[in-house]
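# Fold and contact review
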Amino acid sequence: MELLLTSHDDLSFNPGSIQPHGVLLALSTQLVILQVSSNTQDYLGKRPQELLGQPLSSLLDALCLEAIAQLPINEIDTINYLKLSVRTNEGKRDFDGFVHRVENTIILELEPTQSPVPVNFLNIHTLIKGAIAKLKRTNNLIDFLQLTAQQVRNITGFDRVMVYQFDHQGAGVVIAEVKTEELSPYLGLHYPATDIPRGAKDLYKRNPLRIIPCIHAQPVELIPTADDTTLDLSLSVLRSVDPCCVEYHQNMGVAALMVIPLIKDEKLWGLISCHHQTPRYVPYEIRAGCEFLGQIVSSELANKVIQEEVDYKIRLESLRSSVVESISQADNFRDALIQPEPRLLGIVGATGAAVCLDSEISLLGATPDIENVRSLITWADAQEKDNIFYTDSLPKLYPEAETFKDTASGLLLLRISKLRHYYILWFRPEVIRTVNWAGNPNESIQVNSDGTITLCPRKSFEKWQELVRLTSVPWQKCELDSALSLRNAIVGIVLKKAEELAKINQELETINRELASFAYAASHDLKEPLRGIYNYSIILLEDYASVLDEDATDYLQTVISLSVRMETLINGLLRLSQLGQAALHLQAVNLNELLEQVINVFDASHQQHNLEIRIPKALPTIQCDPVLVNEVFSNLITNAFKYNDKAEKWVEIGYLDREDAGNQETQRQGETENLNERLSASPHPSLSTSFLDSQPAITFYVRDNGIGIPVHHHQTIFKLFKRLHTQEKYGGGTGAGLAIAKKIIERHGGQIWVESTAGEGSTFYLTL
Ligand code: ADP
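Residues numbered from 1 in each chain as written. Predicted model: local features only at pLDDT ≥ 70, side-chain atom pairs only at ≥ 80, totals over all residues. Heavy atoms only, no water.

Further remarks concern the overall build of the protein. In terms of regular secondary structure, the protein is built from 22 helices and 25 strands. Looking at the 768 residues of the protein, the share that counts as buried comes to 48%. Put simply, 69% of the contacts in the protein that link residues at least 6 apart link residues at least 24 apart. When the accessible surface of the protein is split by element, carbon and sulfur atoms take 53% of a total near 38,000 Å². (Helix = DSSP H or I, 4+ residues; strand = E, 2+ residues; numbered from the N terminus. Buried < 20%, exposed > 50% of the residue type's maximum accessible area, 1.4 Å probe, protein only. Contact = heavy atoms within 4.5 Å. Areas by Shrake-Rupley, 256 points an atom, 1.4 Å probe, with all protein chains shown as cover.)

A few words on the site of the ligand. By nearness alone, 22 residues border the ligand, and Asn639, Tyr643, Asp704, His725 and Leu738 come closest of all. Contacts to the ligand include Gly735, whose backbone N or O atom sits 3.1 Å from an oxygen atom. One of the backbone N or O atoms of Gly737 is found 3.3 Å from an oxygen atom in the ligand. Here the ligand loses 98% of its free accessible area of 530 Å² to cover by the protein chains. Elements that contribute at least two residues to the shell around the ligand include exactly α19 (626-642), α22 (737-747) and β25 (761-767). No other element matches the four residues that α19 contributes to the shell around the ligand. (Near = heavy atom within 4 Å. Polar contact = N/O pair within 3.5 Å; in protein donor to acceptor, adjacent residues only side chain to side chain.)

This part takes up the pattern of salt bridges. Applying the stated criterion across every chain yields a total of 22 salt bridges. Linking Lys264 and Asp265 is a salt bridge whose minimum nitrogen-to-oxygen distance equals 3.1 Å. By relative accessible area, Asp265 is classed as exposed at 54%. In this structure, Arg374 engages Glu371 in a salt bridge whose closest nitrogen and oxygen atoms are separated by 3.7 Å. With a gap of three residues between them, Arg374 and Glu371 both fall in helix α11 (residues 370-383), about one helical turn apart. Of the residues examined, Arg374 reaches a relative accessible area of 33% and is grouped as partly exposed. One continuous salt-bridge network, built from bridges that share partners, spans Asp381, Glu384, Arg415 and Lys418. (Salt bridge = Lys/Arg side-chain N within 4 Å of Asp/Glu carboxyl O.)

The next point concerns the pairing of strand β12 (residues 256-264). Within β12, eight of the nine residues are buried, leaving the element largely enclosed by the surrounding structure. Here nine bridges tie β12 to strand β13 (residues 267-276), and the two strands are oriented antiparallel to one another. Following the sheet pairing, Ile263 is matched in β13 by Leu268. Two successive antiparallel strands, β12 and β13, enclose a turn made up of two residues, where Asp265 displays a positive phi of approximately 50°. (Pairing = 2+ DSSP bridges.)

What follows deals with the sheet that holds strand β22 (residues 649-655). Ordered by their spatial adjacency, five strands build an open sheet running β20-β22-β23-β25-β24, and the pairing between neighbours is mixed. With one partner strand each, in any of the chains shown, β20 (611-614) and β24 (752-757) form the two edges of the open sheet. Here the average twist between neighbouring strands, direction ignored, is 15°. Sheet topology places β20 next to β22; four bridges connect them, and they run parallel. (Axes fitted to C-alpha atoms, helices over the stretch in contact; angles between N-to-C directions.)

The structure is reproduced here in structure tokens:
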């Protein structure tokens with residue numbers, strides 16, 4: 001980056017010489033000439049020896065001497081200007097005079113007033129006034145500085161006018177530029193802090209403008225040459241130029257330059273730097289105008305910078321609230337967070353990001369690859385404090401990052417949840433990569449016409465390169481705040497959602513409990529009057545048979561059978577409501593033994609049945625409530641027998657091998673997903689939880705060769721009191737059996753479902 005010394009003429013360099021476009025006289029406080037530049041003959045027509053030891057009155061008339069005496073030269077860091085008419089050997093000559101004091105020495109510098117074209121004051125005044133009016137109307141900092149560059153160029157006519165800004169480490173970047181078309185742009189280029197020594201920076205604060213009309217001009221020595229006390233030329237307007245700076249600008253093709261410091265909060269904030277390819281003298285009036293403009297820009301700068309910071313914060317905030325809004329409204333957290341991509345990057349001004357939710361990582365923009373991101377999370381998570389970790393030199397802390405420094409020399413990790421393994425990582429590239437190189441930086445290191453090589457820029461460049469290597473643009477406080485606010489908002493949303501869910505769950509639980517106890521109370525209480533109806537009907541039928549005619553007897557018979565039916569229904573309901581409330585008595589149960597009991601009871605209650613019960617392989621021992629599981633198998637076996645019109649009925653009880661179970665599960669998962677889709681946004685919680693839990697569970701089956709169940713009833717048969725046949729057919733039933741079986745299985749955290757082909761048979765699958 002070869003702007004290194006552009007404006008950084010080292011003001012701390014004290015050469016004991018001046019530039020040749022004027023003369024310098026060092027005077028005692030009694031205005032006796034003590035020292036002069038060796039070029040007095042050129043401007044004053046007198047040799048130095050003729051002037052040394054002479055009073056200033058030998059050059060100036062009483063009026064000018066009086067004017068000098070009136071100047072507030074004792075004021076520190078004040079360079080006073082006045083027009084002076086000097087008596088030279090060729091007669092009177094007008095000069096622009098600059099007077100300042102260094103300890104006991106008064107320094108008078110004279111630049112011949114530029115003629116023959118006298119500078120039009122009114123014109124300059126109008127130009128400056130116009131410039132200031134335009135600047136006042138500009139809000140945006142960059143526009144403001146671009147306009148400043150434009151106005152300075154309008155006023156001075158330099159080929160190129162740039163505005164540099166220093167960062168917190170003192171390195172600079174060109175942030176505004178106006179130039180003639182043929183020049184290549186320097187906008188966006190950086191230069192290192194080392195190019196502007198602290199002393200030089202301090203002096204820029206004291207010198208409102210620095211002008212070098214001809215960089216190639218031979219410097220002029222002071223006479224007598226400095227002995228033990230060197231004249232301090234820090235505030236001299238003619239002071240000559242550091243040779244390194246001269247070489248540098250020659251390499252750049254710059255012949256003349258002018259620099260106006262920009263001061264904010266009493267610190268050097270930046271510089272307005274003007275270049276010209278040919279020597280260019282700028283008359284004092286124009287310099288004064290620019291100086292004034294520089295001061296106006298400096299005083300406006302604080303407002304503009306604050307405004308810029310405020311604008312940036314507002315921008316971050318608006319991006320953040322947009323993300324938060326998306327998250328709070330969307331079902332898919334990840335999508336809401338990462339789309340659109342620039343939004344999440346903009347929240348902290350990053351060039352890449354990785355969003356890690358559990359083990360799934362999404363990459364946005366320029367990032368390291370997934371594996372590197374994964375390792376990085378593990379490392380950075382251990383460094384994190386208060387849920388955030390950031391660095392602008394990741395490879396220096398985490399050497400593995402050197403391989404991906406181009407994308408992640410800067411890292412900001414935000415931990416949203418350690419438990420859930422939720423992280424957002426933002427990346428910034430190595431700053432050296434972000435530099436918009438104007439060609440090969442070494443190209444400007446030229447072999448000069450005399451064969452010498454200019455090394456300053458290279459050294460300077462190397463120093464800078466070393467400084468910015470493996471480093472990104474630092475994270476600003478407002479960016480870190482933005483990240484933390486995003487985290488708070490996400491956590492807030494998640495908490496709110498969890499709270500809402502907990503509230504709904506609680507309400508549901510209460511409703512469920514109330515319903516269960518209502519069902520229990522209702523069914524329990526109904527039983528008594530029902531029994532009364534039944535008993536009295538029987539009494540009527542038995543004891544009053546003689547007074548009842550045939551119709552009345554029939555009616556009473558119907559009352560009796562209806563009350564019996566009603567009692568079975570109520571029993572079903574009662575059983576179901578009991579199941580919801582009773583605790584499970586889990587224990588290791590050998591299913592072979594359990595089924596033996598079931599079959600014994602079945603045999604006892606179905607004398608001489610023709611059902612073949614097959615158990616092809618021994619069943620395992622599982623954790624369950626034996627009484628309830630007994631009820632399930634007994635119901636399924638009874639159904640297999642009831643809903644079968646084959647001459648040779650059979651039922652087979654077994655369990656699936658792991659492989660078969662896997663296939664079953666995949667198929668089942670498809671069904672579950674379809675079902676979930678149908679249930680839209682609110683998938684049945686028991687389905688998903690039990691599905692997750694079902695992975696290691698055994699899938700049992702009860703298969704029969706019965707009448708089968710039409711596909712559209714595969715779900716409905718598990719509903720309470722759902723029957724597919726009339727009471728008279730297939731031995732009747734209340735339609736409560738499968739609902740009770742389902743409830744029992746769900747209480748065990750399992751699932752039950754059926755596969756069936758009408759006319760061929762059914763297979764009930766269950767997991768426990
Ligand atoms: P029910 O007490 O009426 O048998 P269930 O809840 O046990 O009630 O069954 C509900 C309905 O599902 C039955 O009415 C029957 O139509 C059908 N069903 C149950 N099991 C089978 C099976 N193994 N084969 C064919 N249909 C069956």
